[in-house]
Amino acid sequence: MKRMLFVLTFVAFTLSLASAQRLPDVARPENYKLTFTPDLEKATFEGDETITIQVLKPTSEIILNAVDIDFHDVSVTAGGATQKAKVTPEKEKEMVVLAVEKPLSAGPATLHITYTGILNSEMRGLYLGKDDQGRKYAATQFEATDARRAYPSFDEPDYKATFDISAVADKGMVALSNYKAVSDTPGPGEKHTVKFATTAKMSSYLAALVVGNFEYIEGSADGIPIRIYSTPGKKEMGRFVLGAAEQIVSYYDKYFGIKYPYGKLDLIGLPDFSAGAMENTGLITFREVILLIDQQHGSPGLKKTIASVTSHEIAHMWFGDLVTMKWWDDVWLNEGFATWAASKPLLGWKPEWNFDLDDVSQNSGTLNTDSLANTRPIHQAAETPGQIMELFDGIAYGKAAAVLNMLEAYLGPETFRAGVREYVRQHFYGNATADDFWTTLARVSKRPVDQIMPTWVKQEGVPIVNVKAQCSGNSTKVTLSQRRYYYDRAKFEAANDQLWQIPVCLKGSAMSSGKCELLTKKEETFTLPGCSAWVLANAGAGGYYRAGYDPDAVRALAKDAEAKLSPANT
Ligand SMILES: [Zn+2]
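Here the structure is a predicted model, which is why all the values come from computation and not from measurement.

(A) Main features of the nonpolar core. Of all hydrophobic cores here, the largest spans 172 residues; its most connected members are Phe-36, Tyr-151, Phe-154, Trp-328 and Trp-332. For this core, the element with the highest residue contribution is helix H7 (residues 394-411), accounting for 12 residues. In contact with Phe-36, other than residues within four places in its own chain, are Phe-45, Glu-46, Tyr-115, Leu-126, Ala-150, Tyr-151, Ile-165, Ser-166, Ala-167, Val-168 and Leu-209.

Given below as structure tokens:
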């Protein structure tokens, strides 16, 4: 997901484990059969749902997530017998208890639920939107915890299941979901019923549906049809993003070494949409203004934003959708990765747009936030929907991306990519933790990634690395020391024992290329080849830390800045 307002401020993060809202691990879903019948005039929808589950241990209760759902008939079938279930909502937990008289034994069972939901005006769950001509549509926005407003579900990311989605749409309206339509038949009444192909296993928050008046233009990448949908009359404004999306899909196909796996990709611009964009599997929803643009007269700045958001969302198709975090406390890895990846496919496509320099300037904004006393660690526990939504902030996007960038610079792009590929290959259609990610990277790179990453992810703040260089004969001794950086002078000078493992890429004036070292102590001395007048600590600007130099070193650096430093460093 890309949030629209990138607010880099933090509120104190309070966590009360007493209000834990996790489902008990009593049953797991395997498949959802879902038919949605939206009534755009009445702002409601009818749902017909069959969930195939595996009961893990004998129980007389199945607990699902549900919010604002009016249950009609609920039955459970197991061992050839069907029984009615008693429905007890637990509103504050956003759950519902389905109780049966005869306990279910471990093994397969089927839940059948009919219900009515609300097409709300809050732009979450399955909601009602309106275009500038007053035409109504229904669309979904589920991340993080709003799938439960559209269908009773095991609404936690590691309960992955396959989906068979159908939509009953008004005459003339388009219905879109994660996968291609396999049939479109007239009825009931004046309506028509669109049935979509069975999906691969995916998390509840990645299911999606849009029903309304839309038109499209189509292209393709590596045999995958790509469509850009807009409200009527605007489809030509999708030309720019269609070109971008084609480039991006084919770039990631190669980067991940796994071809885009969902059969088709639709991008749709919605007039009413709460986030910037959302990576629903195979159907990415966007706020209309950051998808559609006049190819000739649109501003380059907005085109860059559109291309970059599109690239972020398409990166999620692999990193986030194909492999998903086990729980929301690791959502930073999804968002950090997609943010880190976004500029990569665009560098070769539009080199004149200097996306790499944008990353560097974004980095300095994140460094500023992270130098405040009330910043938070990247990894943060979260249990309730409110706590989970607070995790989608500048730290999860910007800092996590910057730390991944530093790791890539340290390991080298090829090795980093080999680790990413291995991680995706291992957890394909499943879930993983951040620990799984850096354990894999450590194994593939044979570098201590599993030692480095916790120091960046589990503690808050950012270090400053002080550099003292001394030429002696044919080499240069560089003493590096680290401490946490604060804008607050008193805090900065106070004792602080925080320690990071910092990959520092050093480049001296006498060196033709940089050399990366790992600073693991408060102070450490490294030897560089050649007699250098100055040594730069963040060669290539890939690091996430500040660097401090003696006044003499700054003067020597300034003299050579134009001739010897890259634009990213200046
Ligand atoms: Zn995202």
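Structure's up, so let's keep going.
(B) Representation of the environment of Tyr-485. Within the element layout of this structure, Tyr-485 appears in strand E24 (residues 475-485). As a C-alpha pair, Tyr-485 and Arg-546 span 61 residues in sequence and 7.9 Å in three-dimensional space. Residues in contact with Tyr-485, not counting those within four places in the same chain, are Ser-371, Val-462, Pro-463, Ile-464, Phe-492 and Arg-546.

(C) Here's a closer look at the packing of H7 against helix H10 (residues 449-457). One can describe the packing of H7 onto H10 by two numbers: an axis separation of 11 Å at closest approach and a directional angle of 155°. For the element pair H7 / H10, the angle class is roughly antiparallel. For the element pair H7 and H10, the recorded crossing hand is right-handed. Mapping the contact onto sequence places Lys-399, Val-403, Leu-404, Met-406, Leu-407, Tyr-410 and Leu-411 in H7 and Val-449, Ile-452, Met-453 and Trp-456 in H10.

(D) Representation of the packing of aromatic side chains in the model. Scanning the entire structure with this criterion turns up 38 aromatic pairs. Ring centres of Tyr-252 and Trp-318 lie 5.8 Å apart, and the angle between their planes is 55°; this geometry places the pair in the tilted category. With Tyr-252 in helix H1 (residues 239-256) and Trp-318 in helix H2 (residues 300-318), this residue pair connects regions lying 66 residues apart in the sequence. You'll find Tyr-252 and Trp-318 in the same group, each marked buried. Between Trp-456 and Tyr-544, the aromatic rings sit 6.3 Å apart at their centres with planes inclined by 70°, giving edge-to-face as the arrangement. With Trp-456 in helix H10 and Tyr-544 in the loop between strand E28 (535-536) and strand E29 (546-549), this pair connects stretches of sequence that are 88 residues apart. By the burial criterion, Trp-456 is buried, and Tyr-544 matches it. Positioned above the aromatic ring of Trp-353, the side-chain terminus of Lys-350 is 5.3 Å from the ring centre. Its end group placed over the ring of Phe-492, Arg-483 keeps NZ or CZ at 5.4 Å from the ring centre.

(E) Examining the sheet that holds strand E23 (residues 462-472) more closely. Here four strands make up an open sheet; going across it, the order is E27-E24-E23-E29 and the pairing mixed. Of all strands in the sheet, those bounded by a partner on one side alone are strand E27 (523-529) and E29. Each strand of the sheet is rotated relative to its neighbour by a mean of 30°, with strand direction disregarded. Summarising the sheet, E23 and E24 pair through 11 bridges and their orientation is antiparallel. Its bridge partner lying in E24, Val-462 is registered against Tyr-485.

(F) Seen up close, the state of the cysteines. Enumeration over the complete set of coordinates arrives at two disulfides. For Cys-471, the disulfide goes to Cys-531, at an S-S distance of 2.0 Å. Given an S-S torsion of about -115°, the disulfide between Cys-471 and Cys-531 has left-handed geometry. One end of the pair, Cys-471, is in strand E23; the other, Cys-531, is in the loop between E27 and E28, with 60 residues separating them in the sequence. Overall, Cys-531 belongs to the partly exposed group, its relative accessible area being 41%. One disulfide bridge connects Cys-505 with Cys-516, the sulfur atoms lying 2.1 Å from each other. Here Cys-505 and Cys-516 share a disulfide; its torsion about the S-S bond, 100°, makes the bridge right-handed. Of this pair, Cys-505 sits in strand E25 (residues 502-508) while Cys-516 sits in strand E26 (residues 515-519), and the two are 11 residues apart along the sequence. Under the relative-accessibility criterion, Cys-516 is labelled partly exposed at 31%. The connectivity of the disulfides in the chain is 1-4, 2-3, where the numbers refer to bonded cysteines in sequence order.

(G) Structural view of the environment of Ala-341. Summarising the element assignment, Ala-341 is placed in helix H3 (residues 331-341). Owing to a relative accessible area of 1%, Ala-341 belongs among the buried residues under this scheme. Here the alpha-carbon distance between Ala-341 and Glu-313, two residues 28 residues apart in the chain, equals 9.9 Å. The residues contacting Ala-341, other than those within four sequence positions of it, are Tyr-252, Ser-311 and Ala-315.

(H) Representation of the side chain of Lys-160. Within the secondary structure, Lys-160 sits in the loop between strand E10 (136-141) and strand E11 (162-169). For the buried residue Lys-160, which engages in no salt bridge, the nearest side chain bearing the opposite charge is Asp-321, 7.7 Å off. A distance of 3.2 Å separates a polar atom in the side chain of Lys-160 from the backbone oxygen of Leu-322.

The rules behind each value
Residues numbered from 1 in each chain as written. Predicted model: local features only at pLDDT ≥ 70, side-chain atom pairs only at ≥ 80, totals over all residues. Heavy atoms only, no water. Core = buried A, V, L, I, M, F, W, Y, C linked by side-chain atoms within 4.5 Å. Buried < 20%, exposed > 50% of the residue type's maximum accessible area, 1.4 Å probe, protein only. Helix = DSSP H or I, 4+ residues; strand = E, 2+ residues; numbered from the N terminus. Contact = heavy atoms within 4.5 Å. Axes fitted to C-alpha atoms, helices over the stretch in contact; angles between N-to-C directions. Parallel < 35°, antiparallel > 145°, perpendicular 65-115°, else oblique. Left-handed = near helix turned anticlockwise from the far one by under 90°. Phe/Tyr/Trp six-rings, centres within 6.5 Å; stacked < 30°, edge-to-face > 60°. Lys NZ or Arg CZ within 6 Å of the ring centre and 35° of its normal. Pairing = 2+ DSSP bridges. Disulfide = S-S within 2.5 Å. Lys, Arg positive; Asp, Glu negative; His and termini not counted. Salt bridge = Lys/Arg side-chain N within 4 Å of Asp/Glu carboxyl O. Polar contact = N/O pair within 3.5 Å; in protein donor to acceptor, adjacent residues only side chain to side chain.

Any link to function would need more than the numbers given here.
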